[in-house]
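Structure at a glance
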Amino acid sequence: MVDEEEEGTEEDLSRQTEHGTMWLFILVLHLWLVEAQEFLPGGPCLTHNTYRSPENEDIAVNCNTEYMELSIFLCPIYQSLYNESLMALNGEFGKRVCHGIADWNADPPVLKFKVSINESAEGFCNSKTMITSEIGTGLFSDFSNVQFVNIWGFVNSQDPSAGIITYRKQIMYKFSCLYPLQYLVNNTKLGVSGVSLAVRDNNGSFISTLSMTLYNDASHTTPLVVPESGLNLKTRIFVGVKATNLTDRFNVLLDRCFATTSPSPTNNTFYDLFVGCTKDGQTVLEMNGVSQMAFFSFEAFRFVEHKNRTVSTFYLHCITRLCEVDNCLNLMPICPDSRRRRDVTSEGDSADNLSAIVSSPAILVSQQTVSSASRVQPKATSRAVVGLGVAVAALALLFGLVVLIFLRSRKNKK
């Protein structure tokens, strides 16, 4: 009996020792994982909930006016046995500028890329560009080609394996930004064996870069201040439409500028200052399609429907196109005779674009009546006539008195 009890005690001690050893191993492993987060590359990912296979939602795309910004979860990249140095834009692994920057302070950690929209910039990293056209509708119905620029590319992994085979899955994230090139001043997941493919598209806009300013001088240095009493008729108004913080890949090209009686450019009452080659006789197009600013001028006028108002108020709008620098001349209307008026349809057929409607604040034009100087003459004339009549009457009365006195004097002498 004693031997059996001793054997049972030894077995219990052995089991306790094994359990203690296992918990000690688990504790050491846990401590190692904690330490690994601080000292091993990708350490913070080991316990993060994004430490998994890549998914479609792992990439975010921000379409800005000069750059496209990509943000990709880092932990799925590490889980797939890659790191930030093995990921690059469009397979351009030999160009440092085409590699992303790891942000371990973000939650979750991300790999960030900045892609230039300018094709000539080094940061473009061989991304692709395609310009497509659609038939314009609504306010753009005068133009047969309303264009869009689509810029796309991918971020993929480079397998460091030197052998003939590999056990790593290739990672590829596809992205694109679609920018409409005409404005009013407006995810698919695929699985292929051995590849985790994520597609994320987004839309961007350049409308925020466009602005309209009114000037009172031809040098475009002094902004126009419209008094509450309104501008005088035929005051020349100088207009500038500019793009700021925009990639130098595009110039500003004005397609159409018009005035409406309400702030909305879709108002039924409008007057075209110019549409392509067709323009108002008082409108002068000074610079257009050759830089990131365009200028024109026109003379202040009144809308007839405001005939009973002291001040005629209207708003100026311009359909503004952004054209690629090398292609702007091809998109500008051909006007063989500046006095010749072309119809809108033929003008629209020659238009390709990056464009938006930008609008001005209210423009007030005073009601001009006949000047006081022009009224003096009629009043002076009437007073002269009345004075002449009084003088004639006085002379007649005087003549009568003289005759009467003469006759009486003769009678007395008799």
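Residues numbered from 1 in each chain as written. Predicted model: local features only at pLDDT ≥ 70, side-chain atom pairs only at ≥ 80, totals over all residues. Heavy atoms only, no water.

What follows concerns the nonpolar core. Counting residues in each nonpolar core, the largest one holds 61 residues, and the members touching the most others are Tyr179, Phe296 and Phe298. Ranked by size, the runner-up nonpolar core spans eight residues in total, among them Leu139, Phe143, Val146 and Phe258. (Core = buried A, V, L, I, M, F, W, Y, C linked by side-chain atoms within 4.5 Å. Buried < 20%, exposed > 50% of the residue type's maximum accessible area, 1.4 Å probe, protein only.)

The next point concerns the sheet that holds strand β17 (residues 293-299). As summarised here, the arrangement of the four strands in space is β11-β12-β17-β16, forming an open sheet in which the pairing is antiparallel. With one partner strand each, in any of the chains shown, β11 (210-215) and β16 (284-287) form the two edges of the open sheet. When strand polarity is set aside, the average angle formed by the axes of neighbouring strands in this sheet is 20°. Relative to β17, β16 is paired through three bridges, and the arrangement is antiparallel. Across the sheet, Leu285 pairs through a bridge with Phe296, a residue of β17. (Pairing = 2+ DSSP bridges. Helix = DSSP H or I, 4+ residues; strand = E, 2+ residues; numbered from the N terminus. Axes fitted to C-alpha atoms, helices over the stretch in contact; angles between N-to-C directions.)

Attention shifts here to the state of the cysteines. The full count for this structure, using the stated rule, is five disulfides. Two residues, Cys45 and Cys75, share a disulfide whose sulfurs are 2.1 Å apart. Across the disulfide from Cys45 to Cys75, rotation about the S-S bond amounts to roughly -85°, and the bridge is consequently left-handed. Here Cys75 lies in helix α2 (residues 75-79) and Cys45 lies in the loop between α1 (2-39) and β1 (59-63), a separation of 30 residues in the sequence. The pair Cys45 / Cys75 is uniform in exposure class, with both members buried. Two residues, Cys63 and Cys177, share a disulfide whose sulfurs are 2.0 Å apart. Across the disulfide from Cys63 to Cys177, rotation about the S-S bond amounts to roughly -90°, and the bridge is consequently left-handed. (Disulfide = S-S within 2.5 Å.)

This prediction gives the protein a mean pLDDT of 77; 69% of its residues lie at or above 70. Low pLDDT, under 50, characterises residues 34-39; the predicted model gives this stretch five contacts beyond four residues in sequence or across chains. Scored below 50 in pLDDT, residues 338-353 shows 40 contacts in the model against residues more than four places distant or in partner chains. (pLDDT = per-residue confidence, 0-100. Contact = heavy atoms within 4.5 Å.)

Our focus in this paragraph is the sheet that holds strand β4 (residues 101-103). Strand order in this open sheet of four strands is β1-β2-β5-β4, and the pairing throughout is antiparallel. Both edges of this open sheet fall to β1 and β4, since each of them pairs with a single strand only. Geometrically, the sheet is characterised by an average inter-axis angle of 25° between neighbouring strands, direction not taken into account. In the sheet, β1 pairs with strand β2 (residues 67-73) via five bridges, with the strands oriented antiparallel. Each bridged residue has a counterpart across the sheet, and for Ala60 the counterpart in β2 is Ser71.

A separate point is the side chain of His306. Inspection of the secondary structure assignment puts His306 in the loop between β17 and β18 (311-324). Looking at His306, the relative accessible area reads 1%, which means it is buried. If sequence neighbours within four positions are ignored, His306 has contacts with Thr261, Ser312 and Thr313.

A separate point is the pattern of salt bridges. A pair can form between side chains of opposite charge whenever their charged atoms are brought close. In this structure the tally under the stated criterion is ten salt bridges. For Arg249, the salt bridge is made with Glu324, and the minimal N-O distance between the two is 3.0 Å. Taken together, the residues span a long stretch of sequence, with Arg249 in the loop between β12 (236-243) and β13 (250-260) and Glu324 in strand β18 at a distance of 75 residues. Look at Arg249 and you get buried, because its relative accessible area is 7%. (Salt bridge = Lys/Arg side-chain N within 4 Å of Asp/Glu carboxyl O.)

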